[in-house]
Amino acid sequence: MMDSEAHEKRKSDLVLATAKHDYKPCTVTVGSGKHYVCGYFAAFTNIAITFPIQKVLFRQQLYGVRTRDAVRQLQTDGIRNLYRGILPPLMQKTTTLALMFGLYEDFSSLLLRHTDSPEVVTRSVAAILAGTTEALLSPFERVQTLLQDYKHHDRFTNTFQAFKVLRPYGIREYYRGLVPILLRNGPSNALFFGLRSPIKQCLPEAKTYSANLINDFICGGLLGAMLGFLFFPINVVKARMQSKIGGEFISFGKVLMIIWTERDGKLTHLFRGAHLNYHRSILSWGIINATYELLLKVL
């Protein structure tokens, strides 16, 4: 009888031990909030430094003018208007980059835990989801376009007035130009996060803190320049679509063909401003990536 009880006890202990060994907690490890904070301040630093360059680029995208003509437009506007329209990108870019880095980490963590797909596929999907979520804030990009267009200088005096003027047209008017934003955000995010590590690994090994910071700047700058050039025509179409208030919502394809016809069907004319965008992107994304990685180490 005692042997039977001992046998049952050993059997019970074995079952419990096996259960403990096989049990895996079903908790989800979500990325630390510091990724959102680092993304936010990386964007803030970048916008404060590069906004005048972005404004010249925007004029080229919208009107197809040369760099010197766009600079003359800004000179004519005066120093008082140089940072006109900075509030929307400051609000939009700081938030979207916080979401870009933070949501990418969170989505990656969730998908890696709950799917069996290859990591490169999972992280690409996470990047696309983060980029799609960023598009919710496109009304800020829409208002930025209106404030930077000199044709609207007499109509809007500030960001809040621009938002107020759009209100009677309905919520859809705030999201004019959403299609090109979606076409840009998801794929560009996937390429940025997918290529960031491989590019950095190709750079000379960083043996000091400052060398590592330089590598992060170079890596971010090269990626930003490449992606900025690749998606430049999409941003040209976006600028044209968002510069309009009210009226028909013309499709992405039709707007592209209108611009193509206006610019004599020449690819070089469609890419006017791309060289400035290339240099601006090197600076902007170099600052963003280096600042982000620096803050990750500090926080």
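Residues numbered from 1 in each chain as written. Predicted model: local features only at pLDDT ≥ 70, side-chain atom pairs only at ≥ 80, totals over all residues. Heavy atoms only, no water.

A. Representation of the overall build of the protein within the structure. Per the secondary structure count, the protein includes 14 helices and 0 strands. When the helices and strands of the protein are placed in sequence order, the string is α-α-α-α-α-α-α-α-α-α-α-α-α-α. Split into buried and exposed, the 299 residues of the protein put 44% on the buried side. Taking the contacts inside the protein whose residues are at least 6 apart along the sequence as the reference set, 78% of them involve residues at least 24 apart. Of the roughly 16100 Å² that the protein leaves accessible, carbon and sulfur atoms contribute 64%. (Helix = DSSP H or I, 4+ residues; strand = E, 2+ residues; numbered from the N terminus. Buried < 20%, exposed > 50% of the residue type's maximum accessible area, 1.4 Å probe, protein only. Contact = heavy atoms within 4.5 Å. Areas by Shrake-Rupley, 256 points an atom, 1.4 Å probe, with all protein chains shown as cover.)

B. Local environment of the UniProt feature "transmembrane region" (unreviewed entry) in the protein. UniProt feature "transmembrane region" (unreviewed entry): in the numbering of this structure it lies at residues 213–234. Within the segment residues 213–234, helix and strand shares are 95% and 0% respectively, and the terminal C-alpha atoms sit 31 Å apart. (UniProt positions renumbered as here; feature names shortened; annotations may be inferred.)

C. Broad picture of the nonpolar core. By size, the foremost hydrophobic cluster in this structure holds 37 residues, and its most contacted members are Phe101, Phe192 and Phe193. Setting aside chain neighbours within four positions, we find Phe101 in contact with His35, Gly39, Phe192, Phe193, Arg196, Ile288 and Tyr292. Counting residues in hydrophobic clusters, the runner-up holds 11 residues, among them Phe140, Leu147, Phe156 and Ile245. (Core = buried A, V, L, I, M, F, W, Y, C linked by side-chain atoms within 4.5 Å.)

D. Structural detail: helix H3 (residues 67–77). Among all positions in H3, only Ala70, Gln73, Leu74 and Asp77 are buried. Projected onto a plane normal to the axis of H3, the buried residues spread over an arc of 95° and lie on a single side. Opposite the buried face of H3, by more than 90 degrees, sit the exposed residues Arg68, Gln75 and Thr76. Where H3 is buried, its residues contact helix H2 (34–63). Directly beyond the C-terminal end of H3, a positive phi value near 95° is found at Gly78. (Arc of directions from axis to C-beta.)

E. Focus on the packing of aromatic side chains. Applying the stated criterion to the full structure yields 12 aromatic pairs. Seen in terms of ring centroids, Phe101 and Phe192 are 6.3 Å apart; in terms of plane orientation they differ by 80°. Their pairing is edge-to-face. With Phe101 in helix H4 (residues 87–114) and Phe192 in helix H9 (residues 178–202), this pair connects stretches of sequence that are 91 residues apart. Pairing Phe140 with Phe163 gives two aromatic rings, centres 5.6 Å apart and planes at 75°, and the pair type is edge-to-face. Taken together, the residues span a long stretch of sequence, with Phe140 in helix H6 (residues 138–148) and Phe163 in helix H7 (residues 159–166) at a distance of 23 residues. There is no split in this pair, since Phe140 and Phe163 are both buried. Grouped by ring-pair contacts, the aromatic residues Phe101, Tyr104, Phe192, Phe193, Trp285 and Tyr292 constitute a single cluster. Of note, Arg172 hangs over the ring of Phe249, and the distance from its end group to the ring centre comes to 4.0 Å. Across from the ring centre of Phe249, 3.9 Å away, lies the NZ or CZ of Arg176, which sits over that ring. (Phe/Tyr/Trp six-rings, centres within 6.5 Å; stacked < 30°, edge-to-face > 60°. Lys NZ or Arg CZ within 6 Å of the ring centre and 35° of its normal.)

F. Main features of the environment of Asn158. With respect to the secondary-structure elements, Asn158 resides in the loop between H6 and H7. Counting along the chain gives 71 residues from Asn158 to Leu87, while the straight-line C-alpha distance between them is 8.7 Å.

G. Spatial organisation of the side chain of Thr122. Topologically, Thr122 is positioned in helix H5 (residues 119–134). Once residues lying within four places of it in the same chain are set aside, the contact partners of Thr122 are Ser108, Leu111, Leu112, Thr115 and Ser117.

H. The confidence of the model for the protein, seen in detail. On average, residues of the protein score 85 in pLDDT, and 89% of them reach the 70 mark or higher. In the model of the protein, helix H1 (residues 2–22) stands out as the element of lowest mean pLDDT, 47, in contrast to helix H12 (residues 252–262), which has the highest, 95. For residues 14–31, every residue scores under 50 in pLDDT, and the model assigns this stretch 10 contacts once sequence neighbours within four places are set aside. (pLDDT = per-residue confidence, 0-100.)

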